[in-house]
Amino acid sequence: MFKTVLFPLNRSQETRQAVAIVIDLIQKYQAQLYILSVADPEATDSDRASSQELINEMDAYFAEVGITIKSKMAEGKTAFVICDFADEINADLIVMGSRGMSLTEEHPDGSSVSQKVINLSPCPVLVVP
């Protein structure tokens, strides 16, 4: 059912909670896992290094449970980068954490990243609270 799964990363608690679900999905469907870290275009070198460090940590973690990943670090508007990359890799599913904000509430920038991804995604999106 799912051959290619995209897991966008950040350092939130919600992302850490989604890891167990991602592992279950990848193992159940023998899918290819892609992880993506998106930095703001105005990010500092320190922010970019932190993003790369997160990718390295997750690579090591997934390797411990026998999952090989493909990873990418990108810059841009997070939701657009996630959806563009999902399209590029022909993702069957995006799994992402949510910061717990309502998907129907207005937020300062108009909507949450998860809401934007749901609206723009070329594939199904599983949002883990």
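Residues numbered from 1 in each chain as written. Predicted model: local features only at pLDDT ≥ 70, side-chain atom pairs only at ≥ 80, totals over all residues. Heavy atoms only, no water.

## Regarding the nonpolar core
In plain terms, the rule: Only buried residues count toward a nonpolar core. Its members are Ala, Val, Leu, Ile, Met, Phe, Trp, Tyr and Cys residues joined through side-chain atoms within 4.5 Å. Any residue under 20% of the maximum accessible area for its type is buried, any over 50% is exposed, and the rest in between are partly exposed; the area is computed with a 1.4 Å probe on protein chains only. The numbering of helices and of strands both runs from the N terminus, where a helix is a DSSP run of H or I of at least 4 residues and a strand a run of E of at least 2. By definition, residues are in contact when any of their heavy atoms lie within 4.5 Å.
Ranked by internal contacts, the top residues of the largest apolar core, which has 22 residues, are Val-5, Phe-7, Leu-33, Ile-35, Met-58, Phe-62 and Val-95. Elements represented by at least two residues in this core include exactly strand S1 (4–9), helix H1 (13–29), strand S2 (32–39), helix H2 (45–64) and strand S4 (93–97). If one sorts the elements of this core by residue count, H1 sits on top with six residues. Residues in contact with Val-5, not counting those within four places in the same chain, are Ile-26, Ala-31, Gln-32, Leu-33, Tyr-34, Leu-93 and Val-95. In terms of nonpolar packing, the next biggest core, distinct from the first, is built from 17 residues, Val-81, Ala-91, Ile-94 and Cys-123 among them.

## Quick look at helix H4 (residues 113–120)
Defined as follows: This arc corresponds to the set of directions leading from the helix axis out to the C-beta atoms.
Here H4 has its buried residues at Ser-114, Gln-115 and Val-117. All buried residues of H4 lie within an arc of 160° about the axis, which places them on one face of the element.

## Topic: H1
Applicable threshold: Expected span of a helix: the number of residues minus one, times 1.5 Å. Bend at a residue means the angle formed by two fitted axes: the first through the 7 residues ending at that position, the second through the 7 residues beginning there.
Helix length check: H1 (17 residues) gives 25 Å between terminal C-alpha atoms against 24 Å at 1.5 Å per residue, within 8%. The principal kink in H1, of about 30°, is found at Val-19. For H1, the complete set of buried residues consists of Glu-14, Thr-15, Ala-18, Val-19, Val-22, Ile-23, Leu-25 and Ile-26. Packing partners of the buried residues in H1 comprise S1, S2, H2, S4 and strand S5 (125–128). Positive backbone phi, approximately 50°, marks Gln-30, located one or two places after H1.

## Notes on the pattern of salt bridges
As a reminder of what qualifies: A pair is scored as a salt bridge if a Lys or Arg side-chain nitrogen falls within 4 Å of a carboxyl oxygen belonging to Asp or Glu.
On inspection of all chains with the given rule, the structure shows five salt bridges. The closest approach of N and O atoms between Arg-48 and Glu-75, which form a salt bridge, is 2.4 Å. Of this pair, Arg-48 sits in helix H2 while Glu-75 sits in strand S3 (residues 69–75); the two residues are 27 residues apart in sequence, bridging distant segments of the chain. Connected through salt bridges with shared partners, the residues Arg-11, Glu-53 and Glu-57 form a single ionic network.

## Observations regarding the pairing of S1
Put simply, the test is: Any two strands with at least two DSSP bridges between them are considered paired.
Taken across its six residues, S1 has six buried, putting it largely inside the fold. Because side chains alternate across S1, one face comprises the buried residues Thr-4, Leu-6 and Pro-8, and the other comprises Val-5, Phe-7 and Leu-9, equally buried. Inspection of the sheet shows S1 paired to S2 by six bridges, in the parallel sense. Each residue of the ladder has a partner; that of Val-5, found in S2, is Leu-33. In the sheet, S1 pairs with S4 via two bridges, with the strands oriented parallel. Of the residues in S4, the one forming a bridge with Val-5 is Leu-93.

Honestly, it's all geometry; don't read function into it.
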